[in-house]
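Chains, contacts and geometry: an overview
Here is how the chains run, residue by residue.
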Amino acid sequence: MTGEPYAAGEAVSPRIDTGVPHAARMWNYWLGGKDHYDVDREAGDQFSAAFPDIVEIARLSRHLLARIVRHLVEEAGVRQFLDVGTGLPTVDNTHEVAQRADPACRVVYVDNDPLVLAHARALLVGTPEGATDYVDADLREPEKIIAAAAGTLDLTKPVALMLMGIAGYVSEEDGAYSIVGRLMDALPSGSYLAMWDGVNVVTGEALDRAQEEHNEGPGAPYQLRSRAEFARFFDGLELVEPGVVSITRWRPDPDPMASLAEVDALCGVARKP
């Protein structure tokens, strides 16, 4: 595989820095995708050599997203989704799962990586009954996100805020809890917060070393929170059973071959009263 994910002759946006690893492209690499550069593969290989479970966590997180979206549509009655930190398109993206359950679902994707946005606009096409839109913004810009999302979503009706593996890129010093709170404050009663993030509750020192080494590099640093720190994001909300658990244990599908072993990634879904 070359260092160029575009077709030959296609221009690369000047905003895309191909010399610095990017989380969305590394994640795409771990998922077996093709939209990444040499620098992303090198950083991905370095991290997975120290923490091999990251590749499995990437796969498990996609299964989790599908289970959460199905639950929100089929059982909670949610028809609107605000997916912040979308990442590069892969199988069973949020709008595909939601609109498979109800074609009228409306989904807004948010990301600040031009490669993600370019692919999203080209590939993430929803049903004619529903709506799919894209916002170029950073999680640290909650008011901008809400203002842009209001063009597609009806913010007088419940919305599911999806923060899948993204909150770890925002530290407490940058206002992580405040940012999530401001997003939820803008959504009406009956809305949901669905999120997962990396933690270190299983591996221990080896994962700490791998994360510290990555954070010292040119890519965006990621903060591994404790279980209590992760659970704090749901303060004031009503957690859906089974609460804050490993991503393998949130309403697993009845697959006898599926592993329910705890991994270093926690998730939760909670309703705004």
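Read on for a plain summary of the structure. (Residues numbered from 1 in each chain as written. Predicted model: local features only at pLDDT ≥ 70, side-chain atom pairs only at ≥ 80, totals over all residues. Heavy atoms only, no water.)

1. Notes on the packing of helix H3 (residues 53-74) against helix H4 (residues 94-101)
Applied cut-off: To get an axis, a line is fitted to the C-alpha atoms, and for a helix only the part in contact is used. The angle between two axes follows their N-to-C directions and goes from 0 to 180 degrees. Runs of H or I in DSSP of at least four residues are treated as helices and runs of E of at least two as strands, each being numbered from the N terminus. Each crossing gets its hand from how the near helix is turned against the far one by less than a right angle, where anticlockwise is left-handed and clockwise is right-handed. We call two residues in contact whenever any of their non-hydrogen atoms come within 4.5 Å of each other. In this count, Pro and Cys sit with the nonpolar residues alongside Ala, Val, Leu, Ile, Met, Phe, Trp and Tyr, while Asp, Glu, Lys and Arg are called charged and the others, Gly among them, polar.
As a packed pair, H3 and H4 sit with axes 9 Å apart at the nearest point and diverge in direction by 35°. Of the two elements, H3 crosses H4, and the hand of that crossing is right-handed. Note on element contacts: H4 touches H3 through Thr-94, Val-97, Ala-98 and Ala-101, opposite Leu-65, Ala-66, Val-69, Arg-70, Val-73 and Glu-74. For the contact of H3 with H4, a count of residues per class yields seven nonpolar, one polar and two charged.

2. Digging into the nonpolar core
Worth spelling out the cut-off: Side-chain atoms within 4.5 Å are what join buried Ala, Val, Leu, Ile, Met, Phe, Trp, Tyr and Cys residues into a set we call a nonpolar core. Residue exposure (1.4 Å probe, protein chains only): buried if accessible area is under 20% of the type maximum, exposed if over 50%, otherwise partly exposed.
Of all hydrophobic cores here, the largest spans 41 residues; its most connected members are Ile-68, Leu-72, Phe-81, Met-162 and Ile-247. Leaving out residues up to four positions away in the same chain, Met-162 has contacts with Leu-65, Ile-68, Val-69, Leu-72, Phe-81, Leu-82, Asp-83, Val-84 and Ala-194. Of all hydrophobic cores here, the second largest spans 34 residues; its members include Leu-82, Val-84, Leu-139 and Val-159.

3. Things to note about the pattern of salt bridges
How we decide: Salt bridge, as used here: a side-chain nitrogen of Lys or Arg that lies within 4 Å of a carboxyl oxygen of Asp or Glu.
Under the criterion given, the structure shown has 14 salt bridges. A salt bridge links Asp-92 to Arg-100; the nearest nitrogen and oxygen atoms lie 2.7 Å apart. Between Arg-140 and Asp-138 there is a salt bridge, and its shortest N-O distance comes to 3.1 Å. Residue classification places Asp-138 among the buried residues on the basis of a relative accessible area of 18%. Because the salt bridges share partners, they merge into one network encompassing Asp-138, Arg-140 and Asp-174.

4. Details of the pairing of strand E4 (residues 160-164)
Counted only if it meets this: Whether two strands pair depends on DSSP finding at least two bridges between them. With strands facing away from the observer, any crossover in which the path from the first strand over the helix to the second runs clockwise is taken as right-handed.
Within E4, five of the five residues are buried, leaving the element largely enclosed by the surrounding structure. Here E4 shows two buried faces, one formed by Ala-160, Met-162 and Met-164 and the other by Leu-161 and Leu-163. Across three bridges, the pairing between strand E1 (residues 80-84) and E4 is parallel. When the sheet's bridge partners are listed, Leu-82 is paired in E4 with Leu-161. Taken together, the five bridges between E4 and strand E5 (residues 192-198) define a ladder with parallel strand orientation. When the sheet's bridge partners are listed, Leu-163 is paired in E5 with Met-195. Once you follow E4 into helix H7 (residues 176-185) and on to E5, the crossover reads as right-handed.

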